[in-house]
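Tertiary structure, described
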Amino acid sequence: MITVLRFTASWCAPCKMLAPIMEGMAQEFPGVVFEIVDVDGNPDLAQHFKVRSVPTVVICKDDVPVKTIVGAQPKKVYLEALEEIA
């Protein structure tokens, strides 16, 4: 199973720019679980995944982190990462 964890914060402008990209990808990849993690509400989880800035996207396969993408990137970057992992 592939899980995409999007670490975000309500005050983060790049996070807001990334949101529609991730929402669209969730529609394109129904077999992938997309989760939103607010770093202010879940600091322990953010620390566990070594998140130092937002947005950060961590892609896990079978509950093991395999790819971390920091910053708001073009959709192509996330698509290529998913295709590489799947």
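Residues numbered from 1 in each chain as written. Predicted model: local features only at pLDDT ≥ 70, side-chain atom pairs only at ≥ 80, totals over all residues. Heavy atoms only, no water.

Thoughts on helix 1 (residues 13–28)
Taking 1.5 Å of rise per residue, 16 residues should cover 22 Å, and helix 1 covers 24 Å from first to last C-alpha, within 8% of that figure. Its maximal kink placed at A19, helix 1 deviates by approximately 30 degrees, while the proline P20 follows within four residues. Along helix 1, the positions that sit buried rather than exposed are C15, L18, A19, M22 and M25. Buried residues along helix 1 sit against strand 1 (2–8), strand 2 (33–38), strand 3 (56–61) and helix 3 (75–85). (Helix = DSSP H or I, 4+ residues; strand = E, 2+ residues; numbered from the N terminus. Expected span 1.5 Å × (residues − 1). Bend = angle between axes of the 7 residues up to and from the residue. Buried < 20%, exposed > 50% of the residue type's maximum accessible area, 1.4 Å probe, protein only. Contact = heavy atoms within 4.5 Å.)

Digging into the state of the cysteines
Taken as a whole and judged by the stated rule, the model has one disulfide. With a sulfur-sulfur separation of 2.4 Å, C12 is cross-linked through a disulfide to C15. One disulfide, between C12 and C15, carries an S-S torsion of 80 degrees and so falls in the right-handed class. Note on accessibility: C12 and C15 belong to one class, buried. (Disulfide = S-S within 2.5 Å.)

Quick notes on helix 3
Looking only at helix 3, the buried set comprises Y78, A81, L82 and I85. Angularly, the buried residues of helix 3 cover 95 degrees about the axis, an arc narrow enough to put them on a single face. Opposite its buried face, helix 3 presents the exposed residues K76, E83 and E84, each directed more than 90 degrees away. Against the buried residues of helix 3 lie strand 1, helix 1, strand 2, strand 3 and strand 4 (64–70). (Arc of directions from axis to C-beta.)

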